[in-house]
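Survey of secondary and tertiary structure
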Amino acid sequence: MRTAVVVGAGVGGLAAAGALARSNWHVTLLERGDRLRGNGAALLIWPNGVAALQALGLSLGDIAFPMVAGGIRRPDGRWLVQADVAPLDGAPADGAQPLPTAGGGPSYQAGPHQQSVVVHADDLHDALMAGLGEKIEIRTGVEVTTVRAGTAERPAVGTGKHTFEADLIVAADGSRSAIRRRLAPQSAVTSAGYTSWRAVIPWYRAPKLAETVPAAGELLGAGHRFLHAALGGRGTSGGSTRGGIYWVATAPGAVRPEALATQLTLLRRWFADWQAPVGELLEATEPEDLVQQAGEELRPLPRRFSFPVGAGGFVLLGDAAHVATPTLTQGACLAFEDAATLRSLLRDARPGETLPLALDEYTLARRERVARVAKTSRRLGLVMQARGRLTVRARDTWLERVSPRLLDRAAASAHQWTPPP
Ligand SMILES: Cc1cc2nc3c(=O)[nH]c(=O)nc-3n(C[C@H](O)[C@H](O)[C@H](O)COP(=O)(O)OP(=O)(O)OC[C@H]3O[C@@H](n4cnc5c(N)ncnc54)[C@H](O)[C@@H]3O)c2cc1C
């Protein structure tokens, strides 16, 4: 039987491990954490991510909530881009709803099959775990530190104590991937100059907001942003027990070393005086709700995402292969695209025969696509995270007058992706 070792049980590794197991690979999943779990925040899954999950045979069912229309406002509440902005040429004539701005400006559904959703990260994790099936061997508390990629040898990774050999090794070990550092040492994670905080406030302690407050949307200040979206409605959380209000805040600078309670105090100070629901949501947030993460990017992208070795080889997947700034919130969606592509290319691949060729095709199928999305996200980030007074004024004028179509186009180019057969 064909064998694969998947390193890392984040969303990318779980999606890939399940897909390979369903294609009759014997899969061993290695995770350095002591158990498999989500990070407690939420994720926006855009049409390309939904399409990739469908191609993987995974359905989010009632844990995924449709995104509702939002818009972009200034901290004082003045609209920069209203949610009911006129659709661009080619916008759907089939009554599709505009999407919220969270994660990259206004956008429009391209058809009923291309719904965008918001899902609690822990629910998504559970759904991906359910997709692993029974046959996968899962090893937690295993940190990969060594990589064996000599051409005459079988691909292997190790911990110092144990070696794990396989026909295929999938590096899904995140942005600091030990495997990428060995195979593509020229690529390094660089700071985008800001840090993000995320939280889901469960419905039972979510604030009751005035009806005039948009249910989702984005507020843009100087170097600071605040996005919010609802996971279902109060008391109508579908199959999830984890519904609530999701928010993301960004601020210039590096990650804060202080205790979570102090970070929350800082957030409340930075966003004091911002229009509702910002203050209300920060007030209802508890320190342990917070997930802090640096805005980062992997540059340059590895020249290859696959490395044929002997009869098989290595592939990089998800953040191990490509970290885009979080402006377009596409990282997990791209990881699902990677997994769906891998599944399609490896379905019938045989070690020593067609597998090395299939690995080459993986790089061809993924690298250009990912580079395009990363570039768009970087450029959009420069606009959205603008700081100087004059730059911010120019940005806001631009947003009010011209940008909806351009923003929409930027987001739509990321959303358009067709899974391989
Ligand atoms: C603020 C913010 C908001 C975002 N919002 C969205 C969004 O709305 N939608 C979206 O699509 N994307 C979003 N993203 C991006 C998304 O979170 C990531 O791209 C995605 O989680 C990457 O998944 P992954 O499985 O590749 O990596 P990870 O989630 O980092 O998983 C890597 C796993 O590998 C394990 N590991 C690491 N090293 C080793 C080792 N040496 N040995 C064994 N195990 C190891 C880790 O413990 C971890 O479990 C956002 C990112 C940020 C920063």
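A brief report on the enclosed structure follows. Computed from a prediction, not measured in an experiment: that's the story for all the values here.

1. Topic: helix H1 (residues 11-22)
An α-helical turn contains 3.6 residues, so a residue and the one three or four places further along point in the same direction. Here H1 contains 12 residues, and its C-alpha end-to-end distance of 17 Å stays within 8% of the 16 Å for a straight helix at 1.5 Å per residue. In terms of burial, H1 is largely enclosed, as 10 of its 12 residues are buried. For H1, the full list of buried residues reads Gly 12, Gly 13, Leu 14, Ala 15, Ala 16, Ala 17, Gly 18, Ala 19, Leu 20 and Ala 21. As for H1, its buried residues are in contact with strand S1 (3-7), strand S2 (26-31), helix H3 (121-130), strand S14 (168-171) and helix H7 (331-346).

2. Remarks on the sheet that holds strand S4 (residues 64-66)
With antiparallel pairing, the 3 strands of this open sheet are ordered in space as S3-S9-S4. In this open sheet, the two edge strands, each paired with only one partner strand, are strand S3 (42-45) and S4. Across the sheet, the mean angle separating the axes of adjacent strands is 30 degrees when strand polarity is ignored. Here 4 bridges tie S3 to strand S9 (residues 117-120), and the two strands are oriented antiparallel to one another. Of the residues in S9, the one forming a bridge with Ala 42 is His 120.

3. Let's talk about the site of the ligand
Near the ligand you find 28 residues, and of these Gly 12, Glu 31, Leu 44, Asp 319 and Ala 332 are the closest. Contact between the ligand and Arg 32: a nitrogen atom at 3.2 Å from a main-chain N or O atom of the residue. One of the backbone nitrogen or oxygen atoms of Gly 331 is found 3.3 Å away from a nitrogen atom of the ligand. For the ligand, the accessible surface in isolation is 1000 Å², of which the surrounding protein chains cover 86%. The residue makeup of the shell around the ligand, split by class, is 11 nonpolar, 11 polar and 6 charged.

How each quantity is defined
- In every chain, residue numbers begin from 1 and rise along the written sequence.
- Restriction of local features to residues with pLDDT of at least 70 applies here, the model being predicted, together with a cutoff of 80 or more for giving and counting side-chain atom pairs; totals for whole chains, interfaces and linings are based on all residues.
- Only hydrogens and water are set aside; all other atoms, that is, all heavy atoms of the structure, feed into the side-chain values.
- The numbering of helices and of strands both runs from the N terminus, where a helix is a DSSP run of H or I of at least 4 residues and a strand a run of E of at least 2.
- Here the expected length of a helix is defined as 1.5 Å per residue gap, with one fewer gap than residues.
- Accessibility here uses a 1.4 Å probe with only protein chains present; expressed as a share of the type maximum, an area under 20% marks a residue as buried, one over 50% as exposed, and anything in between as partly exposed.
- Residues are treated as being in contact if the distance between any of their heavy atoms lies within 4.5 Å.
- Note on pairing: DSSP must find at least two bridges between two strands before they are called paired.
- Angles run from 0 to 180 degrees between N-to-C directions of axes, and those axes are lines fitted to C-alpha atoms, restricted for helices to the stretch in contact.
- Nearness is judged by heavy atoms alone; a residue qualifies as near a molecule or strand once a single heavy atom is within 4 Å of it.
- For this analysis, a polar contact is any N or O atom pair within 3.5 Å, provided that within protein one partner can donate a hydrogen and the other can accept it, and provided that sequence-adjacent residues contribute only side-chain to side-chain pairs.
- Accessible surface is estimated by sampling points in the Shrake-Rupley manner with a 1.4 Å probe; for residues, cover comes only from the protein chains shown.
- As a working rule, the residues Ala, Val, Leu, Ile, Met, Phe, Trp, Tyr, Cys and Pro are called nonpolar, Asp, Glu, Lys and Arg charged, and the rest polar, with Gly in that last group.

Distances and angles like these do not, on their own, reveal function.
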